[in-house]
Amino acid sequence: MSTPEFIRRIREHAGHQLLLLPGVTAIVVDDLGRVLLGRRTDTGEWSVIGGICEPGEQPALTAVREVYEETAVRCVPERVVLVQQLSRMVYPNGDECQFTDITFRCRAIGGEARVNDAESLEVAWFAVDALPPLEPFALDRIHRALSDEERAWFEAPDEAQAFPSP
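Residues numbered from 1 in each chain as written. Predicted model: local features only at pLDDT ≥ 70, side-chain atom pairs only at ≥ 80, totals over all residues. Heavy atoms only, no water.

So what about the packing of aromatic side chains? Which residues, and what values?
Centre distance and the angle of the planes are the two values used to describe a pair of aromatic rings. Under the counting rule described, the total for this entry stands at 1 aromatic pair. Between Trp46 and Phe126 the ring centres are 5.0 Å apart and the planes differ by 80 degrees, which places this aromatic pair in the edge-to-face class. Taken together, the positions of Trp46 in strand β3 (residues 46–47) and Phe126 in strand β8 (residues 120–126) put the pair 80 residues apart, joining distant regions of the chain. With respect to class, Trp46 is no different from Phe126; both count as buried. The cationic tip of Arg141 hangs over the ring face of Phe137; the distance from NZ or CZ to the ring centre is 3.7 Å. (Phe/Tyr/Trp six-rings, centres within 6.5 Å; stacked < 30°, edge-to-face > 60°. Helix = DSSP H or I, 4+ residues; strand = E, 2+ residues; numbered from the N terminus. Buried < 20%, exposed > 50% of the residue type's maximum accessible area, 1.4 Å probe, protein only. Lys NZ or Arg CZ within 6 Å of the ring centre and 35° of its normal.)

Structure follows, in structure tokens:
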């Protein structure tokens, strides 16, 4: 995944310190119920489509933009699937970040799935019962996006987290 220019500018001043970043994941489903995946250039593994919100960009628009940039597929977000603070990551260069992921279920409305940028080696549609090997992160989001649950999932705080003792 290429680093957005606005993050490069922040890193000039912040160095490697922890950045909290808004990110999105798009679970794109076509009329046949297949899921759109990309095989990433950085890991060589198949994964769901996602990316970082640009300053001032609404997360749903980020999902649409990222899907088109990476796959040439046009989509519309249908619902929020989950909101989750992910674990802290440390990149090989020492940069630290922690993403807040907003996952959207999206419906494909056009375009031909193909590699559309340098972030993917391959792009393809997969039947849910014929998915390639995927990380738990991707499998969980696909499962939740395809469920009948209309409410977005989030990790609810327990009472001690919500109301800490003085």
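Report on helix α1 (residues 5–14), specifying residues and quantitative values.
Looking only at α1, the buried set comprises Phe6, Ile7, Arg11 and Ala14. One face of α1 carries all of its buried residues, which in axial projection span an arc of 140 degrees. When the buried face of α1 is taken as reference, the exposed residues oriented beyond 90 degrees from it are Glu12 and His13. At its buried positions, α1 is contacted by β1 (19–29), β4 (49–52) and β7 (96–110). One or two positions beyond α1, positive phi appears at Gly15, with a value near 65 degrees. (Arc of directions from axis to C-beta. Contact = heavy atoms within 4.5 Å.)

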